[in-house]
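# Understanding the architecture of this molecule
The chain contents come next:
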Amino acid sequence: NGVIVQSNVPKIFCLKETYDIGKDQYTTRYGFFVELGLSKGSDSNVLRHEKTHKAPRMDRVKLYQATKANLSPIFFIYQDDVNETDKFIKHFDNSDKIKATLSHRGKVALELSSTEDPLFIESFCNSFKNKHLLIADGHHRYEASRILNLDNKDKLLDSSAVLAYVVPSSSKGLLLHATHRGLNSFPNFSEQNFYDSLEKKFYLDKFSGKNDSYLQIYTKNKGLISIYPKSRTIDSLKKTLPKDVLAEVPVVLLQEIIFKEILGITEEEISEKKNLKYFQNYDDGIQLVSSGDLNVAFFLNPIELDDLFKVTLAGGVLPQKST
């Protein structure tokens, strides 16, 4: 029906998203829709922060084969030059705008514009020669695209690139949030034994309301506790991890020390989310523990964007659902 049409000339799109962040306040995120090549050369500039798993990866491959289309863009973040980004965004000021509004956790206003100016496109693409693209969302889609391109025998299907949504790190509307964890229906869970084991590896303090807590834990009887790793815990973890920089990342400590060592949950069980629940809303965790649906809730602070680049540039990979 012409809802989606193939452009017959190269284009770059600019998307402006203004969305509700609560209390009648709004923020705006800018990003660009581009074609990202899937060659080995371009892949060396792509950073991953999560592991992928075979089953969902192959599901995506089958979906691409059946539809012969990129149904949703892969979301990337890059560290930009602010002045350069301002110049790129201003280029779209005089372009025709397609506008829409939708409701998703509040009102979202969208404004989409495009350019086919060859000089601008060349300048934009050249600016990425020394940049890295960090996958914010779409690890499985990206890997599936590469598998499809490698195995593609269909001469009529050009699978050499993927649709990418690239967002500059300077965009004020680019916000990173943490994904929290909960332990549910854990066999023979003893709150006291759990805290006794924690004290061997961490310092435990009654939560004081500070936002700089390393990690917070909530149980029905003890309430909210802040925990901080002992230096020997970090030193010991460095010996087992492929990259030292990972040892001080809270979500890594939670998975490697609390889940695996203290609770005895295996890597496979974590991948299958056995006895684990993921949630974004802080209050949901408190409520689920209070109602007995969770044994314990683990609250993480959002990882800083600079730290995320630092970890991935060093070759480190974080646990799934780290942001």
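What you see as residue numbers is a count from 1 along each chain, following the sequence as written. Only residues with pLDDT of at least 70 are given local features in this predicted model, and only at 80 or more are side-chain atom pairs given and counted; all residues enter the totals for whole chains, interfaces and linings. Just so you know, side-chain values use all the structure's heavy atoms and leave hydrogens and water out.

Here a strand pair is declared whenever DSSP counts at least two bridges between the two strands. Runs of H or I in DSSP of at least four residues are treated as helices and runs of E of at least two as strands, each being numbered from the N terminus. Reading across the sheet, the 6 strands line up as 10-12-11-14-9-13 and stay open at both edges, with antiparallel pairing between neighbours. Because the sheet does not close on itself, it has two edges, and the strands there are strand 10 (202–206) and strand 13 (276–279). Each neighbouring strand pair of the sheet contributes to a mean axis angle of 25 degrees, computed without reference to strand direction. As paired strands, strand 11 (residues 215–219) and strand 14 (residues 296–299) are joined by 3 bridges and run antiparallel to one another. Within strand 14, the residue paired with Gln-216 across the bridge is Phe-299. The strands that helix 6 (residues 191–201) touches are strand 10, strand 11, strand 12 (223–229) and strand 14; relative to strand 10, the one it contacts most, it runs at about 120 degrees. Note on geometry: axes are lines fitted to C-alpha atoms, helical ones only across the stretch in contact, with angles between N-to-C directions running from 0 to 180 degrees. Any two residues whose heavy atoms approach within 4.5 Å are treated as being in contact.

Packed helix pairs are characterised by how far apart their axes lie and by the angle those axes make with each other. At a minimum axis distance of 8 Å, the contact between helix 2 (residues 54–67) and helix 5 (residues 139–151) shows a crossing angle of 60 degrees. Taken as axis vectors, helix 2 and helix 5 run oblique relative to one another. You can see that helix 2 and helix 5 cross each other, and the crossing is right-handed. Each of Pro-56, Arg-57, Met-58, Arg-60, Val-61, Tyr-64 and Gln-65 in helix 2 lies in contact with helix 5, whose residues at this interface are His-140, Arg-141, Glu-143, Ala-144, Ser-145, Ile-147 and Leu-148. Each residue gets one of three labels, nonpolar for Ala, Val, Leu, Ile, Met, Phe, Trp, Tyr, Cys and Pro, charged for Asp, Glu, Lys and Arg, and polar for the others, Gly among them. Grouping the constituent residues of the contact of helix 2 with helix 5 by class yields 7 nonpolar, 3 polar and 4 charged. Angles are sorted into four bins: roughly parallel if under 35 degrees, roughly antiparallel if over 145, roughly perpendicular if 65 to 115, and oblique for all others. Less than a right angle of anticlockwise turn of the near helix away from the far helix marks a crossing as left-handed, whereas a clockwise turn marks it as right-handed.

Attention now moves to the sheet that holds strand 2 (residues 25–37). Pairing within the open sheet is mixed, and its 8 strands lie in the order 3-7-4-8-2-1-6-5. Whereas interior strands pair on both sides, the edge strands pair on one side only; in this sheet they are strand 3 (46–47) and strand 5 (98–103). Bridging between strand 4 (residues 74–78) and strand 7 (residues 133–137) involves 3 bridges; their strand directions are antiparallel. What sits directly across from Phe-75, in strand 7, is Asp-137.

Below, the discussion takes up the pairing of strand 14. Partly exposed describes any residue whose relative accessible area lies between the buried limit of under 20% and the exposed limit of over 50%, with all areas from a 1.4 Å probe on protein chains only and scaled to the type maximum. The alternating pattern of strand 14 places Val-296 and Phe-298 on one face and Ala-297 and Phe-299 on the opposite face, and all of these are buried. When strand 9 (residues 180–183) meets strand 14, the two strands line up antiparallel, connected through 3 bridges. By the bridge assignment for strand 14, Leu-183 is matched with Val-296.

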